[in-house]
Amino acid sequence: MIPLSHFLTVSAILFSIGLYAVLSKKNAILVLVGVELMINAAALNLVAFGRYDGKQYEGQIFALFVIVLAAAAVAVALAIILSVYNHYKSINPDDINNLKD
Amino acid sequence: MNLALVLFYLLAITAVGSALLIVLLQNLVRSLFLFFVTLFAIAGLYIFALADFVAITQVIVYVGGVLVLMLFAFMLSNRTLLSDVKQGLKSVFAFPKWQATLIATGFFAVLIYIMQLIFAQDPEWIAQAKLQHQLIGVNDNTVRYIGVNMMSLYVLPFEVISIFLMMALMGAAHLARKEEPLS
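Residues numbered from 1 in each chain as written. Chains lettered and ligands numbered in written order. Predicted model: local features only at pLDDT ≥ 70, side-chain atom pairs only at ≥ 80, totals over all residues. Heavy atoms only, no water.

**Observations concerning the confidence of the model for chain B**
Residue and element names in this part refer to chain B.
Part 1 of the argument: Averaged over every residue, the pLDDT of chain B is 84; the share at 70 or more is 86%.
Part 2 of the argument: When the elements of chain B are averaged for pLDDT, helix H4 (residues 81-85) gives the smallest value, 48, and helix H1 (residues 3-24) the largest, 93.
Part 3 of the argument: We note a pTM of 0.88 for the whole complex and an ipTM of 0.89 for its interfaces. (pLDDT = per-residue confidence, 0-100. Helix = DSSP H or I, 4+ residues; strand = E, 2+ residues; numbered from the N terminus.)

Okay, here's the thing in structure tokens:
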């Protein structure tokens with residue numbers, strides 16, 4: 001049985017990498033990949049803690065919910081990125097600097 | 001050191017290494033394909049946490065749906081994709097930006113510190129579960145228990161999330177639609 005701290009360390013590393021991607025990337029799709037990495041790290045934590053809940057399976061079921069939410073978020077975010085690209089001809093977050101004009 | 005631990009470390013190194021390459025590589029196509037590798041390795045880690053159903057869902061939803069969607073969006077939004085692939089070796093790696101590195105490592109340190117704080121001794125509910133032998137075992141039929149719990153105890157979140165998913169997909173289709181003048 002793998003100790004819980006191993007899972008938590010791996011997911012902490014993945015979360016930090018995702019945070020770095022969100023903060024530093026110049027491409028909106030890679031920012032989205034960073035968000036997905038952070039969501040996956042959180043789901044890994046849920047699953048790892050869920051091993052201690054053999055009755056209600058809270059961790060695993062909410063990991064499933066997290067995966068569904070991430071899929072919905074990706075669909076909406078990609079649609080927004082596409083329409084931003086149609087408007088600005090760029091998906092660099094730094095270029096997108098005014099609201100509806 | 002048993003075999004399970006070795007396999008766990010292998011998967012963990014794969015996940016962390018490919019995630020690092022995602023943020024360090026200059027080329028966006030390579031980053032997106034490396035994201036496949038990371039997601040597969042994370043699905044493997046789910047199996048080691050005895051969550052086989054979640055692992056299969058991860059493979060189906062992420063690798064089957066999300067990543068194909070991302071590749072589509074990328075190819076629709078970037079014309080200079082192919083000329084980007086052929087560049088030489090000297091600009092393969094992007095230099096890390098120091099502000100983002102500082103924040104990310106600081107956050108990592110905070111997370112590890114909190115983890116040490118929690119595991120000075122086991123949290124109460126974990127100790128209790130260990131005492132009452134309520135852990136999920138290797139031979140448990142997890143899919144059956146997940147199904148029963150999903151349809152009884154968690155039926156309200158299940159319905160709410162199904163309506164939410166429908167709303168999100170309809171909104172995405174509305175946003176991505178081509179603008180046409182109303183005739």
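Now that the structure has been shown, we can carry on.
**Let's talk about helix H2 (residues 28-48) of chain B**
All names here are of chain B.
Part 1 of the argument: Along its 21 residues, H2 runs 31 Å from first to last C-alpha, staying within 8% of the 30 Å computed at 1.5 Å per residue.
Part 2 of the argument: Counting buried positions along H2 gives 16 out of 21 residues, so the element sits mostly inside the fold.
Part 3 of the argument: Among the residues of H2, the N-terminal cap falls to Asn27, whose side-chain oxygen and the backbone nitrogen of Val29 are separated by 2.9 Å.
Part 4 of the argument: Positive backbone phi, approximately 65 degrees, marks Leu50, located one or two places after H2. (Expected span 1.5 Å × (residues − 1). Buried < 20%, exposed > 50% of the residue type's maximum accessible area, 1.4 Å probe, protein only. Polar contact = N/O pair within 3.5 Å; in protein donor to acceptor, adjacent residues only side chain to side chain.)

**Some words on the packing of aromatic side chains**
Part 1 of the argument: Taken as a whole, this structure holds nine aromatic pairs over all chains when the rule is applied.
Part 2 of the argument: With 5.4 Å between their ring centres and 85 degrees between their planes, Phe62 of chain A and Phe65 of chain A make a pair best called edge-to-face. Pair noted here: Phe62 of chain A and Phe65 of chain A are both in helix H3 (residues 58-88), with a separation of three residues, about one helical turn.
Part 3 of the argument: Taking relative accessible area as the criterion, Phe62 of chain A reaches 33% and is therefore assigned partly exposed.
Part 4 of the argument: Judged by relative accessible area, which is 6%, Phe65 of chain A ranks as buried.
Part 5 of the argument: Clustering of aromatic rings is evident, with ring pairs tying together Phe7 of chain A together with Phe8, Tyr9 and Phe48 of chain B. (Phe/Tyr/Trp six-rings, centres within 6.5 Å; stacked < 30°, edge-to-face > 60°.)

**Comments concerning the interface of chain B and chain A**
Part 1 of the argument: Facing the 77 residues of chain B at the interface are 67 residues of chain A.
Part 2 of the argument: Summed over both sides, the interface between chain B and chain A buries roughly 6,600 Å², with carbon and sulfur atoms accounting for 81% of that surface.
Part 3 of the argument: By the criterion of area lost to chain A, the three top residues of chain B are Val23, Ile136 and Tyr154 of chain B, representing 9% of everything that side buries.
Part 4 of the argument: On inspection of chain B and its partner chain A, the count reaches zero salt bridges.
Part 5 of the argument: Our count for the chain B to chain A interface comes out at 10 residue pairs in polar contact (both at pLDDT 80 or more).
Part 6 of the argument: Secondary structure elements with two or more residues in the side of chain B that touches chain A: H1, H2, helix H3 (52-77), helix H5 (98-118), helix H6 (124-131), helix H7 (142-152) and helix H8 (155-176) of chain B.
Part 7 of the argument: It is H3 of chain B that provides the largest number of residues to the side of chain B that touches chain A, a total of 13 residues.
Part 8 of the argument: Class assignment of the residues belonging to the side of chain B that touches chain A gives a composition of 64 nonpolar, nine polar and four charged. (Contact = heavy atoms within 4.5 Å. Buried area = accessible area lost by both parts, 1.4 Å probe. Salt bridge = Lys/Arg side-chain N within 4 Å of Asp/Glu carboxyl O. Nonpolar A, V, L, I, M, F, W, Y, C, P; charged D, E, K, R; others polar.)

**What to know about the confidence of the model for chain A**
Part 1 of the argument: Taken over all residues, the pLDDT of chain A has a mean of 88, while the share at 70 or more is 98%.
Part 2 of the argument: Mean pLDDT values for the elements of chain A range from 89 in H3 of chain A up to 93 in helix H1 (residues 4-24) of chain A.

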